[in-house]
Structure formats: structure tokens, C-alpha cells
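# Residue-level structural notes
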Amino acid sequence: MSVDEWKRIIDQIRDYAGPFPIQFLGGEPMIWPGFVELVQHCRSRRVRWGTITNGSVLNPRVVKAVVASRPTNLDVSVDASTKAVHDEARGVRGSFRHVEAGLMRLLEERAASGHRFPVRIKTTVHKLNAAHLLDMVEWVSKLPDVTIDFSPVRLWSKEDRDRLYLTSESELLELDDAVESLIALKTAGESIETSPEKLRAMTRHFRGGGPVFHGYGECRVGLRTLDIAPDGSARHCFKFALGNLRSRSLRELWEDPKRRQIIEKTLSCENAGGNMCGTGCTSYRTATQEFQRALLFLKMRTAAKATPVTPAI
């Protein structure tokens, strides 16, 4: 869709639902030519927005414009705290240094703006970096007002799974040990955002034995999630399609009597807790887990105000 089409849809959701949060995902969202203009529009309409980026486009122009648009969060994908592991996982030589420089730029611009939005490092756990998770926490601990969140890799092709899934018993036992160490560090006050329940669910994910629950036991995408693809098609998730926002309004899609049946199907979906969806981003946290995350952010923000720090990587 064009920038104007995206703006129209965002306005339509805002007018129908009131203030709402939107997350821009990819691929890499920031390489789309209209990204900056779109997040500027979100700010003008008081739509809370965030994004997840691989950090490849965090150049001075983009960083300045993005921070000025006041995101609610900005997540940066980093596989490891060393260039050898990160570059191997990404398949791009020099990518770690490039991302590191962009992250430094982002933190400096955030500090200069006075807008303390959360910056989190998103680390996808796989065979290449499972032995380096504690190193990642140490690396993040040197960054001001930054959290880290771990999720296991989820892949569909056998070739990719063979390359990146932990499969041997020794690998899985080592991951168990690493997870318990991460939980101990989290308890001691390190800025690990991932809940203990989700951390412990990673080994079950790789073992392939369900169910994998670390938040709500039933799926809630039908109640609160709307995915909009670049062609305008809207869905609750990959399994439950609603229609296309280029040809139908949000009100028509959301209030369609057929959606009531879809909601019931999502709440009883057999994929919930399974290896396909159990550790995914649509596995919602409980109220207690959300409260614990809020305390972490509050603690970090208070510390940042008390002791301003120049970012150093």
C-alpha cells in the first residue's frame, strides 16, 4: 500500500477504536521509504507506535526522525555480543559493528531528546548463540536504560531447523542451565525482561513436546490483535483471516457477525501452547507478568534520571 493508504487505515482505526498501540514489523520496516512519514503521522494522531528493527538502517537521519516521533518502544534484534557469532547467524559480515554503531546513535539521541522510551534488545535463541546468552546480559548491562528479551527461534523448513534448532540432549541440558542462570540474574536485578515462565518454556519448545504455556492458557488474538499486511489484508493471525481494509472499513470487519464465530475458534485453537504458537509474540502475558515488566521499566527510568550516563559500548 502507499503511504496515503496506510495513513487512511491508521486514521480509520483511531477514529473507530480511540487511542491504540501499533507495532511495525518486517522483514525490516525501516527500509520501506514511507516508514518515517508514517510514524510521524502516528504521532500527529496520538497513536502509540513501536517497531522492531535489525538495526541496519539506524543512520543519523533515520534515528533523529524516529526519536522525534516519540515511539513507545524500539526493539533491536541482536543475536550475540560478539561479531563472530552475530555475523555468522545473520550471514552478513560486519553486521554486528554496524548494528552496534546504530544502537549507540539511538541511545545518544534518546538521551538528548529527554523522551525515555524503552529500548530493548531482542535476542532470538538458537544453536549458534545458546552458549552466549549470559554474555548478552553482561553486554546489555553496560547500556543505559536498556532491557533484553529472549525468544526461541521458530522455523518452518527442515533445512533451517537442522541448522539452528537445539536437538541433542547435551545442548538442551546446557540451555536448561543457562535459563536457570538467567532467572537468577533477573532475580538479582539485571534488566532481563523475559518472564521466568517464558525462559523455562524455551527448552520445551526445542524438545517439541507441548504444551508450551508461559502466559495465558488460551489464545487471545481474536479479542485484541489485528495484523495488517502490506496489501491491506487483515487477520487475527496466520490462521484467521478477516478481509481487506482497502475494500472494507475496520468497523465492517470488526463488527461482522461472522467474527463472533472466529473469536470462539481462536479461544479454543489447537495451536495454542503448541510448538507453532506456544512461544510466539501472540502468547499474551498475565496481569502479574505485565506488572513485573512495568516495575522493571519504572526502576530503570528512575535510575536513569538519578544518574545520567553517556552510552558506551
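For the structure given in this document, a descriptive report is provided here. (Residues numbered from 1 in each chain as written. Predicted model: local features only at pLDDT ≥ 70, side-chain atom pairs only at ≥ 80, totals over all residues. Heavy atoms only, no water.)

## Re the overall build of the protein chain
Our working rule: What counts as a helix is a DSSP run of H or I of at least four residues, what counts as a strand is a run of E of at least two, and both are numbered from the N terminus. The classification of residues rests on relative accessible area computed with a 1.4 Å probe and restricted to protein chains. Under 20% of the type maximum is buried, over 50% is exposed, and intermediate values are partly exposed. Residue contacts are counted whenever heavy atoms from the two residues lie within 4.5 Å of one another.
Helix and strand content of the protein chain: 13 helices and 8 strands. The buried share among the 313 residues of the protein chain stands at 46%. Considering only contacts within the protein chain whose residues lie at least 6 apart along the sequence, 68% involve residues at least 24 apart.

## Some points on the environment of Asp 162
Here is the rule we go by: The term polar contact refers here to a pair of N or O atoms within 3.5 Å; inside protein, the definition further demands a hydrogen-donor-capable atom paired with an acceptor-capable atom, and it admits residues adjacent in sequence only when both atoms are side-chain atoms.
Examined against the element boundaries, Asp 162 turns out to sit in helix α7 (residues 158-164). Residue Asp 162 is classed as partly exposed on the basis of its relative accessible area of 48%. Sequence separation of Asp 162 and Lys 127 is 35 residues, and the distance between their C-alpha atoms is 9.5 Å. A distance of 2.7 Å separates the side chain of Asp 162 from the side chain of Lys 158, its partner in a polar contact.

## What to know about the pattern of salt bridges
Selection rule: Salt bridges are identified by distance alone: a Lys or Arg side-chain nitrogen within 4 Å of an Asp or Glu carboxyl oxygen.
Evaluated as defined, the whole model comprises 19 salt bridges. A salt bridge links Asp 145 to Arg 110; the nearest nitrogen and oxygen atoms lie 4.0 Å apart. In this pair, Asp 145 sits in the loop between α6 (133-141) and β5 (146-152) while Arg 110 sits in helix α5 (residues 95-113), placing the two residues 35 residues apart along the sequence. Exposure remark for Asp 145: the relative accessible area of 15% places this residue in the buried category. Among the charged side chains, a network of salt bridges with common partners joins Asp 11, Asp 15 and Arg 45.

## Side note on the nonpolar core
In globular proteins that are soluble, nonpolar side chains generally tend to be buried together. Quick note on the threshold: Only buried residues count toward a nonpolar core. Its members are Ala, Val, Leu, Ile, Met, Phe, Trp, Tyr and Cys residues joined through side-chain atoms within 4.5 Å.
In terms of nonpolar packing, the biggest core is built from 63 residues, with Phe 24, Leu 103, Leu 106, Ile 121, Trp 139 and Phe 150 touching the most fellow members. If we skip the residues at most four places from it in the chain, Ile 121 touches Val 76, Val 78, Leu 103, Met 136, Trp 139, Val 140, Val 146, Thr 147, Ile 148 and Asp 149. If you look at the next biggest cluster of nonpolar residues, it comprises 7 residues, including Cys 219, Val 221, Cys 237 and Cys 269.

## Regarding a nonpolar patch on the surface
For the record, the criterion: Residues enter a patch when their relative accessible area is above 30% and they make no salt bridge; the linking distance is 9 Å between like charges and 5 Å between nonpolar side chains (Val, Leu, Ile, Met, Phe, Trp, Tyr). Note that accessible areas follow from Shrake-Rupley with a 1.4 Å probe, and for residues the cover is restricted to the protein chains shown.
A cluster of nonpolar side chains, Phe 291, Leu 295 and Leu 298, forms an exposed patch at the surface whose accessible area comes to about 320 Å². Mapped onto the fold, Leu 295 is located in helix α13 (residues 287-306). For Leu 295, a relative accessible area of 43% corresponds to the partly exposed category.

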